[in-house]
Amino acid sequence: MASAAHAVERRWSLSSRTAARLRHWSLRTAAVAYLLLMIALPAAVVIHKGFARGLGDLRAALAYPGATGAIWLTLATSTAAAAINAVFGTLIAFVLVRFRFPGRRLLGALVDLPLAIPTLVTGVMLVALYGPNSPIGRTLEGVGIQVVFAQLGILLALLVVTLPFVVRAVQPVLLELDPVEEEAARTLGASGWTTFRRIVLPAIRPAIAAGALLVFARSLGEFGSVVIVSGNITGRTLTAPVLIFQLASQFKPEQAAAVASVLFAISFGTVLITTRLTRARKAEAP
Amino acid sequence: MSAGAGVRRKHDRARMRRGRGVAVRGALVTVCVLYLAVLLLAPLGGIVWQARKPGWSALGDPFTRSDVVHAFWLTAIIALITVAVTTAFGVIVAWVLIRHRFRGRALLNGLVDLPFALSPVTVGLACVLLFGRGGWFHEFFAARGIQIIFALPSMVLVTIFISIPFTIREVQPVLEEIGTEEEDAARTLGASVLQTFFRVTLPNIRWGLLYGIALSAARAIGEIGAVLVVSGLIQGRTETATLYIYRAMEERKTASAYAVALTLAGVSILILAAIEWLKHKRTREDEA
Amino acid sequence: MSEPIRVQDLTKRFGDFEAVRDVTFTAEAGSITALLGPSGSGKSTVLRMIAGLETPTRGRIWLGDEEQTHKSVQERRVGFVFQHYALFRHMTVWENVRFGLAVRRMPKREQRARVEELLDLVQLGPFRDRYPEQLSGGQRQRVALARALAPRPNVLLLDEPFGALDARVRQDLRRWLDDLHRELGVTSLLVTHDQDEALELANKVVVMHEGRIEQVGTPNEIYHEPATAFVAGFVGSANVLRGQVVAGHVQVGEHRVPIANDVADGIDAQVFVRPHDVRVGASAGGAGPARATVERIVTLGWLSRVALRLGDGQVITAELPSDELSDVGLGDEVTVRVRRARAFRTSDALGVAEPAGAGARGRSDA
């Protein structure tokens, strides 16, 4: 009687150890399978299709009217957006962290708005404001500033969509910063600007760089807002993502994949550098 | 006499410095407000103005049409499925990445960031390349009569892809911060693995998790590039709210486009409010 | 009700690093056993293996008659108290204490009675609706104890429970734990690096160092009869003097410490002397007890500490009542008599000390 119960006990305890091991491994398998199937697989198929026939598809894609122009335009507008939002993003982060003023929380919330608004709606808003049906749009056109169906519109759209990135990258770093160094500088006679330039800026530079690179990578692939605002005029306002879309719609998936792979390589490289930067900074921190 | 004048001069200089300080601050804040006004407030105002041009009452017209209603319905379903899947798997991935040690962990961690580096149209393209005619998996599904491309499944798949990082990236740091001690304690008190997770771990990560859910929900609702490529834009069947707006703009039905866009903007602002509130809750937790 | 804990050949390896090696001991039912050692000695790892939080690389564990080595944490039914409390931050004191009962699906009414009983025991009744962050460190640890004891475990494991607390709170809780244990009689295994704590609370002490057991004994044995040089140096303060084996003694300057075994001449040895076993007297000149020069006197109220330089240059510290030093001043030559000493052999190559035979306790000749 006692021995039978004992035998049951032993069986149970053996299986509980194996059960724990099984659980451990099935969790890991689930995580790995999820990421491999959902992320690695799609990326792989694009690269594979794009270069399955060597560089032939890429050359054909680049021969497509306006293709090279589209890639250059994408790179140029993305760089501009990164530069401009690096400056303004840092300024906004600084103002939000260091100053107290009525409406500060509202301003902070506003900065996060592009995270919640569909990019397409951003494009529609820009057309609503600067398009031919609006008085502002017409006035600007009269003065010679074309926003909608022009490159300026693309830049504007990118600025809106990527607005939060630099702010969110710089804010936490600024919050962590110990004000003692700045106070010391101030007691030694440094002006506000000098203190900022020599004490604060070096400390937040990696964060600004990381945020700017994120803006760049994001802008490379931006579709929803650009497709509405730019008018997609070949040779003038056609960007690479829209080009990929057009190639795909015309049943030229291999060429689309080739251009997509190039774009992917650039933005992936950028994201890699960014994560390396943020990790290096975390390693340096005491 | 001269001593008094010297002191007065010092005070004047300090007041000027303080005054200059305030002026500089005011200027900086104004610049920020102007920048945000130009980029966000003005366009928001623009769409409100355009949408109400045919009259406030006309705003409700598009919503009587069945294809608009269906579009919102489809958006909601896709967003729901996406959030459910990315939350469940997101927690598992975050757990494995933080609590397990194994070779290739860094690589897997890097994989989570990949969706940020891909244009949504590329994601849609990948889906077509996998499930469309000539694709790797086309045979398998076609033989069983399951339609992936130009149907709901592909739209859900691409939306999941672009939403994956949000939950994971928000839960990871919280898991790392709370450590394993409470979970160890729960186990010594007799709690099974599931009991430990639901009674101890989940309450500890809840704000970070909800924040991630809000972000991924907003992203899922707003998706356009990828679904545009895979949906085929079949009215009344594979058209989400964003796709409806796209088609309406193409067909110059601007009134309907603005009305629906304004609605989506309103929904986004509600989600934004939730995001801000959860962010606040999460920082409050960190400080505790 | 309360059961003994027995471990045999417990070993734990993390990759190449051996944290615990061949640990074997028994904690008697109803007693408090202390695992004492410096940080990194592996004592916490041993405790966690007994609890089931770590899996041993080798070895076996018994709680009472049942082998636990392959059982899960939940099945072992141990009470565990963590150094940093590990209270569930989202639950009130009440819900924390209740957790082990709720998880085992005890009927609600019984749960309530049991929680009340424990809150009474730890005197935290009025705090039942507070959250951990609203409590002091000492209060949190009492809640942790109540929580661990609620499911009536047969065994209580404590991992440096007072390590994170202020000295005063530590003292109070130490006394309180002693009373609690007397009342409850649960077999307790206490990990600590604080020897005062071990000596005060434990019935038996297991001294650990670098993963191995150095000595197992009562607090008295550990203190007065250290089996290894490490134990002699770690437990209680001690002077460590170097000497050589000469004709059946260890020669430390002019002192001779007898040893029992025949150890070859010329072997280096370490001699451990407690400061209060050193007697100081004014020099009487001529032959007699060893002579030393007073280098430093520190008066701490009724107790004084004197640093004495011996003939061979080594310094020995004596602790004695200040009145006995009335006619002793800096620079004076005084006689030194050692009441008790233990000698351990130092191996040249490794610097590892082993006891130079049984009964190496002795009094110096004079």
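## Structural notes on the overall build of chain C
Scanning chain C from N- to C-terminus turns up nine helices and 22 strands. Taken over 366 residues, chain C has a buried fraction of 40%. Restricting the contact set of chain C to residue pairs at least 6 apart, pairs at least 24 apart contribute 66%.

## A look at the confidence of the model for chain C
Residue and element names in this part refer to chain C. Put simply, chain C has an average pLDDT of 85, and 89% of its residues get 70 or more. Low confidence marks residues 284–288, where pLDDT is under 50. Its contacts with residues over four positions away, or in another chain, come to three contacts. Taken as a whole, residues 348–366 scores under 50 in pLDDT and shows 50 contacts with residues more than four places along the chain or in a different chain.

## A word on the domain arrangement of chain A
Residue and element names in this part refer to chain A. Once the domains are mapped, chain A shows domain 1 (1–51) and domain 2 (56–284). If you average the C-alpha positions of domain 1 and of domain 2, the two centres end up 41 Å apart. Its residues placed into classes, the side of domain 1 that touches domain 2 shows three nonpolar, one polar and one charged.

## Some thoughts on unusual backbone geometry
Residues and elements named next belong to chain C. A positive phi angle, near 50 degrees, is found at aspartate 22, a position not held by glycine. Judged by local crowding, aspartate 22 falls into the partly exposed class, with 14 C-beta atoms found within 10 Å. In the Ramachandran plot, tyrosine 85 falls in the positive-phi region, its phi being about 70 degrees despite a non-glycine side chain. As for its placement among the helices and strands, tyrosine 85 is situated in the loop between β6 (78–81) and α3 (93–103).

## A look at the nonpolar core
The biggest cluster of nonpolar side chains holds 168 residues, and the ones touching the most others in it are Val124(A), Ile244(A), Leu125(B), Ile245(B) and Ala261(B). The leading source of residues in this core is helix α2 (residues 66–99) of chain B, at 14 residues. Excluding residues that lie within four positions of it along the chain, Ala261(B) makes contacts with Val121(A), Val124(A), Ile47(B) and Ile245(B).

## Points about the sheet that holds strand β8 (residues 187–192) of chain C
Residue and element names in this part refer to chain C. Taken together, the six strands give an open sheet; going across it, the order is β6-β7-β8-β3-β9-β10, and neighbouring strands pair in mixed fashion. Among the strands making up the open sheet, the edge pair consists of β6 and β10 (212–217). The mean inter-strand angle of the sheet, taken between neighbouring strand axes irrespective of direction, is 15 degrees. Pairing analysis gives five bridges linking strand β9 (residues 204–209) to β10, with the strands arranged antiparallel. Residue pairing across strands places valine 207 opposite glutamine 215, the latter belonging to β10.

## Points about the pairing of strand β7 (residues 155–159) of chain C
In the case of a regular strand, side chains alternate between the two sheet surfaces. Residues and elements named next belong to chain C. With respect to burial, β7 is a largely interior element, five of its five residues being buried. Neither face of β7 is open: one carries Val155, Leu157 and Asp159, the other Leu156 and Leu158, and all of them are buried. Judged from the four bridges that link them, β6 and β7 form a sheet pairing that is parallel. Bridged to glycine 79 within β7 is leucine 156. Summarising the sheet, β7 and β8 pair through five bridges and their orientation is parallel. By the bridge assignment, leucine 157 is partnered in β8 with leucine 189.

## Considerations on the interface of chain A and chain B
Tallying the contact residues gives 65 residues for chain A and 71 residues for chain B. A total of 16 residues in the side of chain A that touches chain B trace back to one element, the largest contributor, which is helix α1 (residues 2–51) of chain A. Of the residues contributing to the side of chain A that touches chain B, the split by class is 53 nonpolar, eight polar and four charged.

## What about the sheet that holds strand β4 (residues 58–63) of chain C?
Residues and elements named next belong to chain C. The strand order across the open sheet formed by four strands is β2-β1-β4-β5, and the pairing between neighbours is antiparallel. Each having just a single partner strand, β2 (17–27) and β5 (66–67) make up the two edges of the open sheet. Where strand β1 (residues 5–14) lies against β4, five bridges are found, and the strand directions are antiparallel. Along β4, the bridge assignment pairs threonine 11 with arginine 58. The sheet contacts of helix α1 (residues 43–51) involve β1, β2 and β4, and relative to β1 the element is tilted by about 115 degrees.

## Observations concerning the packing of α2(B) against helix α9 (residues 193–222) of chain B
Residue and element names in this part refer to chain B. One can describe the packing of α2 onto α9 by two numbers: an axis separation of 9 Å at closest approach and a directional angle of 145 degrees. Along this stretch, α2 crosses α9, giving a crossing that reads as right-handed. Taking contact as the criterion, the partners of Thr75, Ile78, Ala79, Thr82, Val83, Thr86, Thr87 and Gly90 in α2 are, on α9, Gly212, Ile213, Ser216, Ala217, Ala220 and Ile221.

## Some thoughts on the environment of Leu129(A)
Note that Leu129(A) resides in helix α5 (residues 119–130). Not counting residues up to four positions away in its chain, the partners in contact with Leu129(A) are Ser134(A), Ile136(A), Gly137(A), Ala42(B), Pro43(B) and Gly46(B).

## Looking at helix α10 (residues 192–220) of chain A
The end-to-end C-alpha separation of α10(A) is 36 Å, well short of the 42 Å expected for 29 residues at 1.5 Å each. Along α10(A), the sharpest change in direction is near 55 degrees and occurs at Leu201(A); proline Pro202(A) comes one to four residues later.

About the thresholds
Residues numbered from 1 in each chain as written. Chains lettered and ligands numbered in written order. Predicted model: local features only at pLDDT ≥ 70, side-chain atom pairs only at ≥ 80, totals over all residues. Helix = DSSP H or I, 4+ residues; strand = E, 2+ residues; numbered from the N terminus. Buried ≥ 20, exposed ≤ 12 C-beta atoms within 10 Å, placed from the backbone. Contact = placed C-beta atoms within 7 Å. pLDDT = per-residue confidence, 0-100. Domains from an automatic or database assignment. Nonpolar A, V, L, I, M, F, W, Y, C, P; charged D, E, K, R; others polar. Core = buried A, V, L, I, M, F, W, Y, C linked by C-beta atoms within 7 Å. Pairing = 2+ DSSP bridges. Axes fitted to C-alpha atoms, helices over the stretch in contact; angles between N-to-C directions. Left-handed = near helix turned anticlockwise from the far one by under 90°. Expected span 1.5 Å × (residues − 1). Bend = angle between axes of the 7 residues up to and from the residue.

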